[in-house]
Amino acid sequence: METLAITLLTIDTIALIVLVLLQSGKSAGLSGAISGGAEQLFGKQKARGIDAVLHKATVVTGVLFFVLAFLSAYILG
């Protein structure tokens, strides 16, 4: 059971890293965060296509990461 939990956690961690790296940048550095970041904050531009899929997959794998991390700590502890 311990090996399964750690293996799933490792696979999920690699998937989360890949998904984060595949996403496109939302602003052009610090100047984009100051001037144009508020537009995206309030939802004037919605993500479409592959960006939306990557965002949803990142959220799912992030939640799964925390669940597996707590499960691993519970099993090992």
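Here is a short report on the structure shown in this document. Note that the coordinates shown come from a computational prediction; the quantities given were computed from them, not determined experimentally.

**Considering helix α1 (residues 2-22)**
- Taking 1.5 Å per residue as the helical rise, α1 with its 21 residues ought to reach 30 Å, and the 30 Å between its terminal C-alpha atoms agrees with that figure.
- The inward-facing, buried residues of α1 contact α4 (50-76).

**Structural notes on the packing of α1 against α4**
- Relative to each other, α1 and α4 sit at 155°, their axes nearing to 9 Å. Here α4 runs roughly antiparallel to α1, going by the angle between their axes. Two packed elements cross with a definite hand, and for α1 against α4 that hand is left-handed. Side by side, α1 and α4 meet where Glu2, Ala5, Ile6, Leu8, Leu9, Asp12, Thr13, Leu16, Leu19, Val20 and Leu22 of the first sit next to Leu54, Ala57, Thr58, Thr61, Gly62, Leu64, Phe65, Leu68, Ala69, Ser72, Ile75 and Leu76 of the second.

**Details of the side chain of Thr61**
- With respect to the helices, strands and loops of the structure, Thr61 is situated in helix α4.
- The exposure class assigned to Thr61 is buried, which follows from its relative accessible area of 12%.
- When sequence neighbours within four positions are dropped, the list of residues in contact with Thr61 reads Asp12, Leu16 and Leu19.

What counts and how
Residues numbered from 1 in each chain as written. Predicted model: local features only at pLDDT ≥ 70, side-chain atom pairs only at ≥ 80, totals over all residues. Heavy atoms only, no water. Helix = DSSP H or I, 4+ residues; strand = E, 2+ residues; numbered from the N terminus. Expected span 1.5 Å × (residues − 1). Contact = heavy atoms within 4.5 Å. Axes fitted to C-alpha atoms, helices over the stretch in contact; angles between N-to-C directions. Parallel < 35°, antiparallel > 145°, perpendicular 65-115°, else oblique. Left-handed = near helix turned anticlockwise from the far one by under 90°. Buried < 20%, exposed > 50% of the residue type's maximum accessible area, 1.4 Å probe, protein only.

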